Amino acid sequence: MSEVKGTGRVKRGMAEMLKGGVIMDVVNAEQAKIAEDAGAVAVMALERVPADIRAQGGVARMSDPDMIEKIQASVSIPVMAKARIGHFVEAKVLQSLGVDYIDESEVLTPADYENHIDKWDFTVPFVCGATNLGEALRRINEGAAMIRSKGEAGTGDVSNAMQHMRKIGGEIRRLSSMREDELYVAAKELQAPYELVKEVAQSGKLPVVLFTAGGIATPADAALMMAMGADGVFIGSGIFKSGNPAQRAAACVKATTFWQDAKVVADASRGLGEAMVGINVADLPAPHRLADRGW
Amino acid sequence: MKVGVLSLQGDVREHVSALIACGIDPIEVRRESELAEVDALVLPGGESTTIAQLSEIFGIFEPIKKRIAAGMPVYGSCAGMILLADQILDAKQGQKTFGGLDITVRRNAFGRQVDSFETDISFDDGSSDLIKAVFIRAPWVEKVGAGITVLASMDSHPVAVRSATLLATSFHPELTADHRIHRYFIEEVAKPALEKVK
């Protein structure tokens, strides 16, 4: 009767439990409590939300362990934290703190412009961003147990999240319609391992849970992403950069569960006050686009 | 028999597949009208705080509580176990449960995600075969009341318990291809309970 920790099933299973839920960015214990009270399934502990990282510039890194521990102590739901792409020591530090999930995130400044973290080497599970199917499968091949479409973080503009969800979904549907002898070339084109490509072609879905992120700011945005096939939603700056975070957070939770019911989404959208101001992704100069980080 | 899966949040899809494998055609339950259609209910894994809260917001909390009290058979895994417990420890302040099972459950008792694990344990359904048990930030049962049968334990803590109409596990059989526990719920808990009502 031996106990095995950190198995694929345990890591991917954890993400299955988050399905249909909203994961919210928080920067302190107070916000974490608000998120939990609003019905968040998990919180992402970080020092600055993406909108502030964008506004303030500079190098964005892993958060202070003290701050992460304060958040862990304040809520009973899972606590996630971000490490820089390729920064496996930040990831080891986060694992030692007992965070429940690590986001190897393009929102932070990458530490390695060629390699991502070897995620098989960890007990804690990882979520990684992707803009297309090939990128998602490369991350899964490196050990990611959950994928989120990247969108464009810190903008409040949902168009990139939409584009990435359409792209990932479209590429999966394309694989499903292929003859088996065409999958070798498909794998080459996707720059992804053949075994994973074949698995996706057969099952018609990613082998791990797919959330969406980046630019979601309203209950209708959250419902839109669910309608596009997301298993759940990350909301970063959208909540605590808005006029009434507690109410907006609860509204997004409702809309995520009842995304098929426009009346519920309508009710959730009433009287929320100001949404985050937002930036049009089209106005962002290419070097400032976070979604392009990751390889 | 019509079986529903409470589909507000969590691993609904996995429970639906497991029930289909047992020859059941389950429906997803989010509203009171859907609850009224089912004879038995499954509470999935997920975040117990979120599920309880959404149940309240959408007016299904009290109806579920009443149905449980009136003898509706229910199976809950992990978060579902917490939701069925009369008492919970390490809860969020003011966290509510449907209750019905006279047990005290400690949330996240096995630790954080880095402590999550899988193992093989024995399950007291008459078979001596071990069952694959996946524990994810799992709760355990700290105290059982009268009328509760312990079906499986881990380090002397009960991790599967039942009453006449309710079944709860700390672990997630829905994440494995072995549907023994779902079958046990249908055959040994739900069917006899519903027979009695008739």
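A quick note: this is a predicted structure, and the numbers were derived from the prediction, not measured.

### Examining the overall build of chain B
Alright, step 1. Scanning chain B from terminus to terminus reveals six helices and 12 strands.
Alright, step 2. Whereas a compact globule of 198 residues would reach a radius of gyration of roughly 16 Å, chain B reaches 15 Å, a difference of no more than 12%.
Alright, step 3. Residue pairs in contact within chain B that sit at least 24 positions apart in sequence constitute 65% of those at least 6 positions apart.
Alright, step 4. Of the roughly 7300 Å² that chain B leaves accessible, carbon and sulfur atoms contribute 47%.
Alright, step 5. The centroid of the 21 positive side-chain charges in chain B is displaced by 5 Å from the centroid of its 27 negative side-chain charges.

### Some details on the sheet that holds strand β2 (residues 27-29) of chain B
Residue and element names in this part refer to chain B.
Alright, step 1. Strand order in the open sheet made by the seven strands is β2-β1-β3-β4-β12-β11-β10, with mixed pairing throughout. The two strands at the open ends of the sheet, each matched to only one other strand, are β2 and β10 (149-154). Pairwise comparison of adjacent strand axes, ignoring direction, gives a mean angle of 25° for this sheet.
Alright, step 2. Sheet analysis places strand β11 (residues 157-162) next to strand β12 (residues 166-169), joined by three bridges and oriented antiparallel. The residue bridging Arg162 from the neighbouring strand is Leu167, located in β12.

### Observations regarding the packing of aromatic side chains
Alright, step 1. For the structure on display, the rule yields 13 aromatic pairs over all chains.
Alright, step 2. Taking the centre distance of 5.7 Å and the plane angle of 70° together, the rings of Phe211 of chain A and Phe234 of chain A count as edge-to-face. Of the two residues, Phe211 of chain A sits in strand β8 (residues 209-212) while Phe234 of chain A sits in strand β9 (residues 232-235), which places them 23 residues apart along the sequence.
Alright, step 3. By relative accessible area, Phe234 of chain A is classed as buried at 6%.
Alright, step 4. The interplanar angle of 70° and the centroid separation of 5.5 Å between the aromatic rings of Phe110 of chain B and Phe117 of chain B together place this pair among those described as edge-to-face. This pair shows no difference in class: Phe110 of chain B is buried, exactly as Phe117 of chain B is.
Alright, step 5. Pairwise contacts between aromatic rings join Phe110, Phe117, Phe135, Trp140 and Phe171 of chain B into one cluster.

### A look at the interface of chain B and chain A
Alright, step 1. Facing the 42 residues of chain B at the interface are 42 residues of chain A.
Alright, step 2. Taken over both partners, the interface formed by chain B and chain A buries close to 3500 Å², and the fraction arising from carbon and sulfur atoms is 55%.
Alright, step 3. Area buried by chain B at its contact with chain A is led by Gln113, Val114 and Glu118 of chain B, which between them contribute 18% of it.
Alright, step 4. Applying the counting criterion to the chain B and chain A interface returns eight salt bridges.
Alright, step 5. One salt bridge connects Asp261 of chain A with Arg31 of chain B, and the closest N-O pair in it is separated by 2.5 Å.

### Some thoughts on the pattern of salt bridges
Where charged atoms from two side chains of opposite charge approach closely, those side chains can pair.
Alright, step 1. Counted according to the given criterion, the structure contains 33 salt bridges over all chains.
Alright, step 2. Here Glu14 of chain B ties to Lys19 of chain A by a salt bridge, and the two come within 2.8 Å at their closest N and O atoms. Taken together, the residues span two chains, with Glu14 of chain B in helix α1 (residues 12-21) and Lys19 of chain A in the loop between α1 (8-17) and β2 (22-26).
Alright, step 3. Taking the shortest distance from any N to any O, the salt bridge between Asp181 of chain A and Arg179 of chain A comes out at 2.8 Å.
Alright, step 4. Given a relative accessible area of 45%, Asp181 of chain A falls into the partly exposed group.
Alright, step 5. Salt bridges sharing partners connect three or more residues here, namely Arg9 of chain A together with Glu118, Asp120 and Lys132 of chain B.

### Digging into the UniProt feature "domain: PdxS/SNZ N-terminal" (unreviewed entry) in chain A
Alright, step 1. Mapped onto the present numbering, the UniProt feature "domain: PdxS/SNZ N-terminal" (unreviewed entry) falls on residues 9-213 of chain A.
Alright, step 2. Secondary structure across residues 9-213 of chain A comprises 44% helix and 16% strand; the distance between its end C-alpha atoms is 24 Å.

### Topic: the confidence of the model for chain B
Alright, step 1. Taken residue by residue, chain B gives an average pLDDT of 96. The fraction at 70 or more is 100%.
Alright, step 2. Across the predicted assembly, pTM comes out at 0.95 and ipTM at 0.95.

### Some thoughts on unusual backbone geometry
All names here are of chain B.
Alright, step 1. Its identity is not glycine, yet Asn108 carries a phi of approximately 45°, on the positive side.
Alright, step 2. With respect to the secondary-structure elements, Asn108 resides in the loop between β6 (101-106) and β7 (117-122).
Alright, step 3. The backbone of Ser156 sits at a positive phi, close to 70°, despite the residue not being glycine.

### A word on helix α2 (residues 29-38) of chain A
Alright, step 1. All of the buried residues in α2 of chain A are Gln31, Ala32, Ala35, Glu36 and Ala38 of chain A. Buried residues in α2 of chain A, looked at end-on, bunch into an arc of 165°, giving them a common side.
Alright, step 2. As for α2 of chain A, its buried residues are in contact with β2, β3 (42-45), α4 (65-74), α11 (237-240) and α12 (245-257) of chain A together with α3 (48-57) of chain B.
Alright, step 3. Measuring from the backbone nitrogen of Glu30 of chain A back to the side-chain oxygen at the start of α2 of chain A gives 3.2 Å, which picks out Asn28 of chain A as the cap.
Alright, step 4. Just beyond α2 of chain A, the residue with positive phi is Gly39 of chain A, at close to 100°.

### A few points about the pairing of strand β6 (residues 126-130) of chain A
Residue and element names in this part refer to chain A.
Alright, step 1. The element β6 is largely enclosed, with a buried count of five among its five residues.
Alright, step 2. Both faces of β6 are covered, namely the face carrying Phe126, Cys128 and Ala130 and the face carrying Val127 and Gly129.
Alright, step 3. With three bridges joining them, strand β5 (residues 101-105) and β6 adopt parallel strand pairing. Looking across to β6, one finds that Asp103 is bridged to Val127.
Alright, step 4. Of the pairings in the sheet, the one linking β6 to strand β7 (residues 146-149) comprises four bridges and is parallel in character. Across the sheet, residue Cys128 finds its bridge partner in β7, namely Ile147.
Alright, step 5. Remark: the β6/helix α6 (residues 133-141)/β7 crossover connection has right-handed handedness.

What counts, and where the lines are drawn
Residues numbered from 1 in each chain as written. Chains lettered and ligands numbered in written order. Predicted model: local features only at pLDDT ≥ 70, side-chain atom pairs only at ≥ 80, totals over all residues. Heavy atoms only, no water. Helix = DSSP H or I, 4+ residues; strand = E, 2+ residues; numbered from the N terminus. Rg over C-alpha atoms; globule rule 2.2 N^0.38 Å. Contact = heavy atoms within 4.5 Å. Areas by Shrake-Rupley, 256 points an atom, 1.4 Å probe, with all protein chains shown as cover. Lys, Arg positive; Asp, Glu negative; His and termini not counted. Charge placed at Lys NZ, Arg CZ, Asp CG, Glu CD. Pairing = 2+ DSSP bridges. Axes fitted to C-alpha atoms, helices over the stretch in contact; angles between N-to-C directions. Phe/Tyr/Trp six-rings, centres within 6.5 Å; stacked < 30°, edge-to-face > 60°. Buried < 20%, exposed > 50% of the residue type's maximum accessible area, 1.4 Å probe, protein only. Buried area = accessible area lost by both parts, 1.4 Å probe. Salt bridge = Lys/Arg side-chain N within 4 Å of Asp/Glu carboxyl O. UniProt positions renumbered as here; feature names shortened; annotations may be inferred. pLDDT = per-residue confidence, 0-100. Arc of directions from axis to C-beta. Polar contact = N/O pair within 3.5 Å; in protein donor to acceptor, adjacent residues only side chain to side chain. Right-handed = clockwise from strand over helix to strand, strands pointing away.

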